[in-house]
Amino acid sequence: MIRLKFFGAAGGIVTGSCHYIDNGSFRALVDCGIFQGERKNEDLNWEPFKFDPRKLDVVFLTHAHLDHTGRLPLLVKNGFRGQIIATDATRDLTYLILQDATKLHKEAVEHGRVRVGGRVIDTPLWDYSDVEAVMRRFRVYEYGERIQFKKGVEFRMREAGHILGSVSFELWIPTSSGRLRKFVFSGDLGQTGARIIRDPDFIREADYVIVESTYGGRYHKDKSSTILEFLSILDDVARDRSVAVIPTFAVERAQEILYELNLMVEKQVIDPGIRFYLDSPMARKATLIFEKYRKYYDEDAMDLIREGDDIFRFKGLEFVETGRESKRLANVRKAVIMAGSGMCTGGRVKHHLINFLPDPKNHVVFVGYQVKGTLGRRIVDGAKKVRIYGKTVPVRAQIHTLGGFSAHADQGDLMYWLRNFGHSPREVFIVHGDNDNRLALDIRIRNELQLSTNLPELFEEYELD
Ligand SMILES: [Zn+2]
């Protein structure tokens, strides 16, 4: 028997990924992420782990995003001494993301902005020293090697195509009676044809598949209509001398947008007078990590580099470092400002929204998933006014969602990926999706692939043969 339990990204919650697997002698997590978005979900971060971190052998880490890594510092603080298995790019990006999260968390606590169950919290949940302790637990491996681990367990990392270094894990684990079972954890899957990174690997066979469903019920607009829409926004910006604000996730989305803008500038398809500002020191640091790991780029990106193009730098682009420089952007015109955070929950983008949301000539361009309960989601959902730093700000700017830039597979991509397993899976577990999305994917899997599916609730446990 093998126990599989879902400690996050289950029950219709999209964040807090944390899957637990236990055969009696070997205990592992796949990811250990933070809950984000609605208050009732964020409160879950303060609850003690419902397992003993000291007894875990390993954390298999699919990628660096905070909703997959954010509680690693707490895990180590609570006695975890096993290995964290990931790619080298995931390790470096995790360090960047955890340091940033620690800074934001400590600032929020210092300013009395963290409340749990109505109580103001005065002590941070974790600190920089815990992040350093996390980094000492990393062991990095390459894609594609089948690794003999301990206690009869083997694993192999496959390309997930979601962000740089992202992985789907194949795990072979013996049951308590000694039969070897293969599990595949999709992690977050990317779109095929995404820029810079490679497409997701297809996996042919598994006993149990744990698959994400962030966009399990939706289709993205295709890439070419995304690019056309982006070009027409840039035309408006040039004609109206207005501003487009792009709330930007520092990792992956920022680099993908830079890559796309670089192509447009090089091919001279946009007004050469437009100024571009990457107003995110963290996105700049993430870009440096991308440049360090060219070995993970796809062929198109490598071709450009071989031709001598610097894929993340072009005429008219400025990296904005200090807060003071950022504030000066309030006066720019005929400009594109890319700033974090991607869901407008913090960071410099909030000031830009205060400045630019009230003018109907301006644009706000969303390029990634907006979790329920975030400022970004309220704007996308059509709020006429929003509260930012205590101010009421009218939403008059034009709001766009460019789905083609999403780092997530859509329903078609997920079905295509699942189809490769044929009839081999005994069970499919659908995680990491809100109710609409996970239910929509569930119906398609059962009807078209004739596979047995489960929609785990938070903290639900399954006993598998
Ligand atoms: Zn992710």
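It should be emphasised that the depicted structure is a prediction, and the values quoted were computed from it without experimental measurement.

1. Remarks on the overall build of the protein
Now for step 1: When helices and strands are counted, the protein shows 14 helices and 24 strands.
Now for step 2: Scaling as 2.2 N^0.38, a compact globule of 465 residues should have a C-alpha radius of gyration of about 23 Å, and the protein matches this with 22 Å.
Now for step 3: Here the C-alpha coordinates of the protein stretch approximately 70 × 50 × 40 Å along the principal axes.
Now for step 4: Here the protein holds 465 residues, and 46% of them are scored as buried.
Now for step 5: Intrachain contacts of the protein at a sequence separation of at least 6 include 76% that bridge at least 24 residues.

2. A look at the sheet that holds strand E3 (residues 27-30)
Now for step 1: Spatially, the seven strands line up as an open sheet ordered E8-E5-E4-E3-E2-E1-E24, and their pairing is mixed. Each of the sheet's edge strands pairs with one partner strand only, and the pair in question is strand E8 (138-140) and strand E24 (461-464). Pairs of neighbouring strands in the sheet enclose a mean axial angle of 25 degrees, with direction left out of account.
Now for step 2: Bridging between strand E1 (residues 2-6) and strand E2 (residues 19-22) involves four bridges; their strand directions are antiparallel. The partner of Arg3 across the bridge, within E2, is Asp22.

3. Some remarks on the domain arrangement of the protein
Now for step 1: Domain boundaries assigned for the protein yield domain 1 (2-218 + 407-464) and domain 2 (223-405).
Now for step 2: The C-alpha centroid of domain 2 is placed 28 Å from the C-alpha centroid of domain 1.
Now for step 3: Between domain 1 and domain 2, the residue contacts involve 24 residues of the former and 25 residues of the latter.
Now for step 4: Of the residues in the side of domain 1 that touches domain 2, the class split is twelve nonpolar, seven polar and five charged.

4. With respect to the sheet that holds strand E21 (residues 398-401)
Now for step 1: Across the sheet, six strands lie side by side as E16-E15-E17-E14-E18-E21; this open sheet has parallel pairing. Edge positions in the open sheet fall to strand E16 (317-319) and E21, since each of these has one partner strand only. Taken over all neighbouring pairs, the strand axes of this sheet differ in orientation by 20 degrees on average, direction set aside.
Now for step 2: As defined by bridge partners, strand E14 (residues 243-247) adjoins strand E18 (residues 363-366) across two bridges and the pair is classed as parallel. Along E18, the bridge assignment pairs Ala244 with His363.

5. Some thoughts on the pairing of E2
Now for step 1: Of the two faces of E2, the one lined by His19 and Ile21 and the one lined by Tyr20 and Asp22 are each fully buried.
Now for step 2: Here E2 pairs with E3 via four bridges, running antiparallel. Along E3, the bridge assignment pairs Tyr20 with Leu29.
Now for step 3: Between the antiparallel neighbours E2 and E3 lie four residues, among them Gly24 with a positive phi of about 100 degrees.

6. What about helix H11 (residues 349-356)?
Now for step 1: Among the residues making up H11, those that are buried are Val349, Lys350, His352, Leu353 and Phe356. Along H11, the residues classed as buried sweep out an arc of 160 degrees about the axis, all on the same side.
Now for step 2: Buried residues along H11 sit in contact with E14, strand E17 (335-339), strand E19 (385-388) and strand E20 (391-394).

7. Looking at unusual backbone geometry
Now for step 1: Look at the link from Gly340 to Ser341: it is a cis peptide, with omega at 5 degrees.
Now for step 2: In this fold, Ser341 is placed in the loop between E17 and H11.
Now for step 3: Positioned with a positive phi, Glu252 is a non-glycine residue whose angle comes to about 80 degrees.
Now for step 4: Within the secondary structure, Glu252 is located in the loop between E14 and helix H7 (253-266).
Now for step 5: With 30 C-beta atoms counted inside 10 Å, the residue Glu252 sits in the buried group.
Now for step 6: A positive phi angle is found at Cys344, which is not glycine, with a value near 60 degrees.
Now for step 7: Among the secondary structure elements, Cys344 is positioned in the loop between E17 and H11.
Now for step 8: Here Cys344 falls in the buried class, since 26 other C-beta atoms lie within 10 Å of it.

8. A word on the packing of helix H13 (residues 411-419) against helix H14 (residues 435-449)
Now for step 1: Two numbers describe how H13 lies on H14: the axes approach to 11 Å, and their chain directions differ by 40 degrees. Relative to H14, the element H13 lies oblique. The two elements H13 and H14 meet at a crossing, and its hand is right-handed. Judged by residue contacts, Gln411, Leu414, Met415, Leu418 and Arg419 of H13 engage Ala440, Leu441, Arg444, Ile445 and Leu449 from H14.
Now for step 2: Its residues assigned to classes, the contact of H13 with H14 comprises seven nonpolar, one polar and two charged.

9. Brief notes about the environment of Leu56
Now for step 1: Here Leu56 is to be found in the loop between helix H1 (39-42) and strand E4 (58-60).
Now for step 2: Classification of Leu56 as buried rests on a count of 22 C-beta atoms within 10 Å.
Now for step 3: Remark: the alpha-carbon pair of Leu56 and Ser25, spanning 31 residues in sequence, is separated by 9.9 Å.
Now for step 4: Excluding residues that lie within four positions of it along the chain, Leu56 makes contacts with Arg27, Ala28, Leu29, Phe80 and Gly82.

Basis of the calculations
- Numbering of residues starts from 1 in each chain and follows the order in which that chain's sequence is written.
- With the structure being a predicted model, the display of local features is reserved for residues of pLDDT at least 70 and the display and counting of side-chain atom pairs for 80 or more, all residues being used for whole-chain, interface and lining totals.
- Put simply, DSSP H or I for four residues or longer makes a helix, DSSP E for two residues or longer makes a strand, and each gets a number counted from the N terminus.
- We compute the radius of gyration over the C-alpha atoms and compare it with the globule rule, which gives 2.2 Å times the number of residues raised to the power 0.38.
- To sort residues by burial, count the other C-beta atoms lying within 10 Å of each one's C-beta; a count of 20 or more means buried, 12 or fewer means exposed, and anything in between means partly exposed. C-beta atoms are built from the backbone.
- A pair of residues counts as a contact when their C-beta atoms, built from backbone coordinates, are separated by no more than 7 Å.
- The pairing criterion for strands is at least two bridges between them, as found by DSSP.
- Only the stretch in contact is used when a helix axis is fitted, and all axes are lines through C-alpha atoms; the angle between N-to-C directions ranges over 0 to 180 degrees.
- All domain edges in this entry derive from an automatic or database-based domain assignment.
- Nonpolar residues are Ala, Val, Leu, Ile, Met, Phe, Trp, Tyr, Cys and Pro. Charged residues are Asp, Glu, Lys and Arg, and all others, Gly as well, are polar.
- The arc in question is the one spanned by the directions pointing from the helix axis to the C-beta atoms.
- Should an angle fall under 35 degrees it is taken as roughly parallel, and over 145 as roughly antiparallel, whereas 65 to 115 is taken as roughly perpendicular and any remaining angle as oblique.
- We call a crossing left-handed when the near helix sits turned anticlockwise from the far one by less than a right angle, and right-handed when that turn is clockwise.

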